[in-house]
Amino acid sequence: MYDELIDEWAAQNPKFDSYLLAIQNIGYEIFLHAQFVEKYRTIQPAASDGEINEILRFLFANSIIGQKVSVNWEYVCTSPHIQIDFQLPFHVNNGLKYRLVLTENREKHQKKAAAANAD
């Protein structure tokens, strides 16, 4: 899946590989908006909040990342009517998990980390 994405998008968008690198730098298959912002800004320090949100929308629209609906992780490719919610955790498509060397994590851990960061 990684190679297909690079073939498809890298020629059209020179920063595409930095999107995947930011996810890889997070290191987990489940991540929060703030984590993506932090890691993406280490790669592209001048990126605005709006630009980063557009990147996440792009990744979401192309089913590279998804979000939980009810009890399942859903992606636009299988649930075309789902809407992105920047307050909810994101899940990296399983087709990228091993190539990006992402580890599993529990949502509870993510929520604790978010609460700790809010303090």
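Computed from a predicted structure; not experimentally measured. (Residues numbered from 1 in each chain as written. Predicted model: local features only at pLDDT ≥ 70, side-chain atom pairs only at ≥ 80, totals over all residues. Heavy atoms only, no water.)

(A) Quick peek at the pattern of salt bridges. Inspection of every chain in the model, using the stated rule, returns five salt bridges. Glu54 is the salt-bridge partner of Arg57, the closest N and O atoms lying 2.9 Å from each other. In this pair, Arg57 and Glu54 both sit in helix α4 (residues 49-61), three residues apart, roughly one turn of the helix. Exposure remark for Arg57: the relative accessible area of 35% places this residue in the partly exposed category. Judged by relative accessible area, Glu54 falls into the partly exposed class, the value being 47%. For Lys97, the salt bridge is made with Glu104, and the minimal N-O distance between the two is 2.9 Å. Here Lys97 falls in the buried class, since its relative accessible area comes to 9%. Accessibility expressed as a relative area gives 58% for Glu104, which makes it exposed. The network of salt bridges with shared partners includes Glu29, Lys97 and Glu104. (Salt bridge = Lys/Arg side-chain N within 4 Å of Asp/Glu carboxyl O. Helix = DSSP H or I, 4+ residues; strand = E, 2+ residues; numbered from the N terminus. Buried < 20%, exposed > 50% of the residue type's maximum accessible area, 1.4 Å probe, protein only.)

(B) Geometry of α4. Under the 1.5 Å per step criterion, the end-to-end length of α4 is 18 Å for 13 residues, consistent within 8% with the ideal 18 Å. Those residues of α4 that fall on the buried side of the exposure criterion are Ile52, Asn53, Ile55, Leu56, Leu59 and Phe60. Seen end-on, α4 carries its buried residues on one side only, within an arc spanning 155 degrees. Within two residues after α4, Ser63 carries a phi angle of roughly 60 degrees, on the positive side. (Expected span 1.5 Å × (residues − 1). Arc of directions from axis to C-beta.)

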